[in-house]
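What follows is the residue order along each chain.
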Amino acid sequence: MEKTSFLCFSIIFFTVFFIFSSSFYSLSKPGFIGSSRCTEFSSISKTTQVHKPTTHDHKNSVPHHPLDPLTIQEINKVRAILSSYEPFASSVPAIQFHSLSLDEPDKNQVLAWKKGDPLPPRKAFVIALLNGKSHRVTVDIDSSQVTEHNIHTGSGYPTLSSDDLSTALQVTLSDAEFNQSVTNRGVALSDLACVTLSTGWYGSDEENGRVIKVQCYSSEGSPNFYMRPIEGLTVTVDIDRKKVVKISNTGRDIPVPKSTNTDYRYKAPSEKKKSLNPISIEQPKGPSFIVEDRHTVKWANWEFHIKADQRAGLVISRAMVEDSESGELRSVMYKGFSSELFVPYMDPDGNWYFKTYMDAGEYGLGVTALPLVPLNDCPRYSYYMDGIFVAADGKPFVQSNMICLFERYAGDINWRHSEIPLFGFQIREARPKVTLVARMAASVGNYDYIFDWEFQTDGLIRIKVGLSGMLMVKGTPYENMNQVPHHHQDEMTGTFVSENVIGVVHDHFITFHLDMDIDEDGSNNSFVKVNLVKEENLTGKSPRKSYLKTKRHVAKTEKDAQIKLKLYDPSEFHVINPSRRSRLGNPVGYKVVPGGTAASLLDHDDPPQQRSAFTNNQIWVTPYNRTEQWAGGLFVYQGRGDDTLAVWSERNRPIENTDIVLWYTLGFHHIPCQEDFPIMPTVSSSFDLKPVNFFESNPILGAAPTFEKDLPVCKLIDSW
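Summary of the structure given here. (Residues numbered from 1 in each chain as written. Predicted model: local features only at pLDDT ≥ 70, side-chain atom pairs only at ≥ 80, totals over all residues. Heavy atoms only, no water.)

**Description of the side chain of Asn-301**
Right, so step 1: Among the secondary structure elements, Asn-301 is positioned in the loop between strand E14 (296-299) and strand E15 (302-309).
Right, so step 2: Classification of Asn-301 by relative accessible area gives buried; the value is 12%.
Right, so step 3: With sequence-adjacent residues up to four places away left out, Asn-301 is seen in contact with Met-320, Val-321, Glu-322, Leu-329, Gln-456 and Thr-457. (Helix = DSSP H or I, 4+ residues; strand = E, 2+ residues; numbered from the N terminus. Buried < 20%, exposed > 50% of the residue type's maximum accessible area, 1.4 Å probe, protein only. Contact = heavy atoms within 4.5 Å.)

**Describing the state of the cysteines**
By definition, a disulfide links two cysteine residues through a covalent bond between their sulfur atoms.
Right, so step 1: Overall, the coordinates contain 2 disulfides when judged by the stated rule.
Right, so step 2: Disulfide pairing places Cys-194 opposite Cys-216 at an S-S distance of 2.1 Å. The S-S bond linking Cys-194 to Cys-216 shows a torsion near 100°; that makes this disulfide right-handed. Note that Cys-194 is positioned in strand E9 (residues 192-197) and Cys-216 in strand E10 (residues 211-218), a separation of 22 residues in sequence. There is no split in this pair, since Cys-194 and Cys-216 are both buried.
Right, so step 3: Covalent S-S linkage joins Cys-378 and Cys-404, the inter-sulfur distance amounting to 2.2 Å. On the S-S bond that ties Cys-378 to Cys-404, the torsion sits near -85°, and the link is left-handed. In this pair, Cys-378 sits in the loop between helix H6 (359-362) and strand E19 (382-390) while Cys-404 sits in strand E20 (residues 396-408), placing the two residues 26 residues apart along the sequence.
Right, so step 4: The exposure class assigned to Cys-378 is buried, which follows from its relative accessible area of 1%. (Disulfide = S-S within 2.5 Å.)

**Some remarks on the environment of Tyr-384**
Right, so step 1: Secondary-structure assignment places Tyr-384 in strand E19.
Right, so step 2: Sequence separation between Tyr-384 and Arg-294 is 90 residues; the distance between their C-alpha atoms is 10.0 Å.

Listed below in structure tokens is the structure:
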């Protein structure tokens with residue numbers, strides 16, 4: 001499902017695709033895109049304001065902040081350094097680069113740095129595959145030296161590269177048995193659309209090399225080939241040996257579903273069909289945020305660093321909020337990002353059981369984040385940011401417009417109060433809620449994941465994930481539930497969403513790494529469980545029988561902070577700085593506020609759950625360790641789960657009054673329905689990071705109301 005897919009009409013296409021994908025993204029891309037079409041505040045104007053798109057000159061860019069991603073020049077330099085470094089020097093054509101990114105400076109160096117100071121030494125962290133072994137290499141860019149080199153000896157492999165996917169498809173389409181199987185199903189080879197699926201890990205017999213599964217669809221008559229599976233045909237390919245290991249062909253009696261009603265592209269509506277008029281929130285004076293040096297964002301009372309990452313997608317760092325009373329910029333979070341995305345399907349069939357994907361570690365959320373669509377993915381006056389990543393040969397390429405920044409106003413209220421005139425007060429006070437959103441959308445094959453980091457003026461950060469795209473469906477010989485024998489209905493692993501098409505039940509779990517640094521350098525933080533407990537009223541002073549009372553418990557060790565959410569055992573979960581108190585003596589802090597979520601119901605000894613044991617709890621807290629960033633481990637592909645968040649937390653290290661990291665897992669159970677066909681309406685869930693005793697009082701009390709004179713008067717004008 002959440003797989004990188006390639007439309008594979010011929011082997012020539014794959015070669016062209018790879019060349020195209022490396023060169024398509026030009027090295028100069030727009031920042032702001034869009035314009036306001038109405039301008040005057042109090043009267044209609046004959047002119048329009050057009051905000052010219054800005055461009056990013058990536059070829060000549062230089063870093064300005066210790067956390068800025070590597071530039072194109074730096075990536076090229078690292079590649080040149082490694083080309084003359086043994087043992088790589090004599091093996092350059094055989095090396096596959098799976099990751100080449102900034103090796104971030106030590107945290108204390110970043111915290112001590114001020115704008116205008118020299119940057120800490122720039123280093124690169126490289127994961128490369130050579131002769132079946134994974135190499136971890138650190139390169140000092142300034143000195144042109146390799147400072148660390150280790151060969152991975154544990155389980156698992158690096159994130160799949162574009163070369164891996166292309167190889168798997170070429171090997172599959174070159175296999176005569178496979179081609180004959182496709183032809184026998186009545187599908188023309190020219191109509192094939194194939195996807196490359198990670199295999200998970202299910203025992204030692206799968207440890208003889210890197211393998212990948214290939215399954216195919218018919219694209220005849222529709223761009224939505226995902227709804228037309230060639231069911232039961234699965235090819236297992238050894239990527240390194242470039243060889244077909246196994247072909248499973250068990251679905252010969254299952255027809256390829258028809259293409260009827262599968263096309264999801266826009267068509268002009270008929271006269272009978274009602275459609276909405278276009279809508280846009282205009283900003284005649286432009287946006288209220290600024291982006292300095294490409295990565296530092298300043299908006300209202302917030303300042304933070306933002307960048308693209310090949311694996312995590314979008315990374316927020318050094319998030320600080322201004323104190324409304326003192327004017328001080330106070331630290332909230334050192335670093336936050338989506339660490340892993342686990343998607344298990346609930347079908348034990350031989351062609352389905354392995355579909356238990358870990359999309360960040362197996363495919364990469366950043367590299368699958370295609371350009372956002374202006375005015376549809378992001379509104380007018382959005383600021384667009386690119387990602388600079390590396391291909392399998394180590395050469396940089398630009399993933400254009402993969403992040404957007406914009407201000408959102410949806411008619412929500414920041415705060416309000418009105419008084420009934422009965423008491424002599426004529427009070428009608430309300431303030432509109434305007435927020436700042438950083439957005440990325442990863443198209444990991446058929447599924448699209450929309451990640452929003454929303455900053456509010458009251459100090460709250462809302463992290464939201466939206467799910468859209470296409471279901472991963474299973475072909476069936478039946479067209480209707482009425483045709484399914486009663487004794488087989490209980491064996492169905494999903495819902496009919498169309499004729500011959502079943503949407504298989506599955507889960508989505510997104511685990512976030514949240515390095516909360518509450519005030520100062522954050523090295524003296526603690527995790528507090530604030531439990532709501534029922535107390536019996538035994539005093540007889542009132543007719544009340546019971547009431548609720550809060551009891552605070554400071555977690556001493558990691559196991560003490562492992563949280564499974566319970567509706568009838570309510571709690572709040574605070575990260576506090578006990579060394580900094582409010583004027584009333586409360587420790588300042590932030591709390592994680594769960595929204596709608598789900599928990600994994602798989603057995604803990606089920607192989608996919610062993611690999612994704614980080615979803616066994618919704619909340620974890622670990623001591624800060626710069627090597628512990630990926631909840632599923634550094635090497636996820638075919639990993640056994642021996643280097644995950646759950647494994648680290650078993651050490652039960654002390655977490656009181658120290659630098660700690662909060663981990664939160666957002667979950668979805670997805671039982672497909674007909675409304676998910678042929679493309680799913682977006683479903684979303686979120687959680688909040690909310691200040692608790694962090695400010696002395698309501699930080700937005702001084703927010704100004706909006707008056708009619710503040711707003712533009714718009715009129716319809718001709719197109720450009």
